[in-house]
Amino acid sequence: MIPVVDLRAEYVAVKAEIDGALQRVLESGWYILGQEVAAFEAEFAAWCGVFQAVGVGNGTDALHIALRACGVGAGDEVITVAHTAVATAAAIVLSGATPVFVDIDPTTYTLDPAQLAAAITPRTKAVVPVHLYGHPADLDGIFPIARDAGLRVIEDCAQAHGAEWQGQRAGSFGDLACFSFYPTKNLGALGDGGAVVSNDPALLERVRLLREYGWPPQNRYVSEIEGVNSRLDEMQAAILRVKLAHLDGWNAHRRALAAVYAAGLPDSVIKPVEQPGCRHVYHLYVIRSAERDSLREKLRAVGVATGIHYPLPIHRQTAYRHLSPVTLPVTEQAAGEILSLPMHSTLTVEQIEQVCAAI
Ligand SMILES: Cc1ncc(COP(=O)(O)O)c(C=O)c1O
């Protein structure tokens, strides 16, 4: 079977370095918020082109903490998309606010700025664009509307490590930006992990307080604000430091594989598009077909695994459908047609050619 992702293969590719890093942490006697986390935060911030990064427990926490750092809470509304991981909406609900879903652009599957203005109410505090699949959302369209309305912009970069908009990396545009290091991500830990990044020292300070019970660094055990416990641990930080050094190469490999797909796939399926001025990092390689389900079944029969990201838009899910009673035609049609083909840092050109031939 050609898998959609292969987490073990990526570990094996850098095994000696990861094993060495883990040994270093084990011997250090310090396992939470120590030198590895501090070093990773500095290295990841530099890599993203931002002032600072704050390591947290996972990407959902990163979004929740970022929203709270911006003062979002009960009674507020936060605009985002329903075509994303449930985590985006779950984090908004965790903050006490209500997600308001708007439709997506049918080409990039990201928030359609044309839908944004109409969704803003006096209760709207923030907008969370999701750089889905590794392609940046339309920031030129989103920012002027958000800024005019006085909204905070929090980028969901969970799928967009290294994606670029006009030559600048995703995560360097919003008031705050949130990353996940879930193992399948372009930069994946061997467990959970996340980070909030920003150029705003005051917001970063609040994020640091919120991630550990509201404790200021000089006065542990005494909470200044109501925080949570969401710390990146030393082992994951050490693993992420190893993998970060390979990330540019891995992203380049993903892009090379995407080019092989683009050349080899038949015109009967709709291929992903890289908009001018954007750099797609193909966290997922998502095609579209009106005959998605039969295509998927036939691929499975010939040894090609596929995924669907995501099968049911959030506004249609039992847990969330009461929140935002909207119809989102582009989102709903996409959910029935999208198919994620194998895409990972260790897949080979030959494997991608086999998938193309099978399709
Ligand atoms: C778009 C998006 N946002 C947020 C998250 C949440 O990240 P995590 O799984 O680390 O909580 C994910 C990943 O699952 C994601 O894909």
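Residues numbered from 1 in each chain as written. Predicted model: local features only at pLDDT ≥ 70, side-chain atom pairs only at ≥ 80, totals over all residues.

Overview of the overall build of the protein
Phase 1: Helix and strand content of the protein: twelve helices and twelve strands.
Phase 2: Over its C-alpha trace the protein gives a radius of gyration of 20 Å, about what one expects of a compact globule, namely 21 Å for 359 residues.
Phase 3: Judged by the C-alpha coordinates and their principal axes, the protein covers about 60 × 55 × 35 Å.
Phase 4: Across the 359 residues in the protein, those meeting the buried criterion constitute 49%.
Phase 5: Here the contacts in the protein between residues at least 6 apart in sequence split such that 70% fall between residues at least 24 apart. (Helix = DSSP H or I, 4+ residues; strand = E, 2+ residues; numbered from the N terminus. Rg over C-alpha atoms; globule rule 2.2 N^0.38 Å. Buried ≥ 20, exposed ≤ 12 C-beta atoms within 10 Å, placed from the backbone. Contact = placed C-beta atoms within 7 Å.)

Observations regarding helix H7 (residues 139-148)
Phase 1: Leu139, Ile142 and Ala146 are the residues of H7 that are buried. Here the buried residues of H7 occupy an arc of 65° about the axis, which is enough to place them on one side. Opposite the buried face of H7, by more than 90 degrees, sit the exposed residues Asp140 and Asp148.
Phase 2: Among the structural elements, helix H6 (116-119), strand S4 (124-127), strand S5 (152-156) and strand S6 (164-165) are those in contact with the buried residues of H7. (Arc of directions from axis to C-beta.)

Describing the confidence of the model for the protein
Phase 1: In this model, the protein carries a mean pLDDT of 97, and residues with pLDDT of at least 70 account for 100%.
Phase 2: Per-element confidence in the protein ranges from a low mean pLDDT of 96 for H6 to a high of 99 for strand S8 (residues 176-180). (pLDDT = per-residue confidence, 0-100.)

Thoughts on the site of the ligand
Phase 1: The environment of the ligand is made up of 15 residues, and the closest members are Gly59, Thr60, Ala87, Ala158 and Ser180.
Phase 2: At the level of secondary structure, the elements contributing two or more residues to the shell around the ligand comprise helix H4 (59-69) and helix H5 (86-94).
Phase 3: Partitioned by chemical class, the residues of the shell around the ligand number five nonpolar, eight polar and two charged. (Near = placed C-beta within 6 Å. Nonpolar A, V, L, I, M, F, W, Y, C, P; charged D, E, K, R; others polar.)

A closer look at unusual backbone geometry
Phase 1: Across the junction of His309 and Tyr310, the peptide omega takes the value 15°, indicating a cis bond.
Phase 2: Inspection of the secondary structure assignment puts Tyr310 in the loop between helix H10 (292-301) and helix H11 (329-337).
Phase 3: The residue Tyr221 is not glycine, and still its phi comes out positive at about 75°.
Phase 4: Locating Tyr221 in the fold gives a position in the loop between helix H8 (201-211) and helix H9 (234-264).

Quick look at the packing of H4 against H8
Phase 1: The interhelical angle for the contact between H4 and H8, taken along N-to-C directions, is 125°, at an axis separation of 9 Å. It follows from the interaxial angle that H4 and H8 lie oblique. For the element pair H4 and H8, the recorded crossing hand is right-handed. The segment H4 lies against H8, with Ile65, Ala66, Arg68 and Ala69 engaging Leu203, Arg206, Val207, Leu210 and Arg211.
Phase 2: Tallied by class, the residues present in the contact of H4 with H8 amount to six nonpolar, no polar and three charged. (Axes fitted to C-alpha atoms, helices over the stretch in contact; angles between N-to-C directions. Parallel < 35°, antiparallel > 145°, perpendicular 65-115°, else oblique. Left-handed = near helix turned anticlockwise from the far one by under 90°.)

A closer look at the sheet that holds S5
Phase 1: With mixed pairing, seven strands are arranged side by side in an open sheet as S1-S9-S8-S5-S4-S2-S3. A strand with exactly one partner marks an edge of an open sheet, and here the two such strands are strand S1 (52-56) and strand S3 (98-102). Along the sheet, successive strands turn relative to each other by an average axial angle of 25°, direction set aside.
Phase 2: Inspection of the sheet shows strand S2 (residues 77-81) paired to S3 by five bridges, in the parallel sense. (Pairing = 2+ DSSP bridges.)

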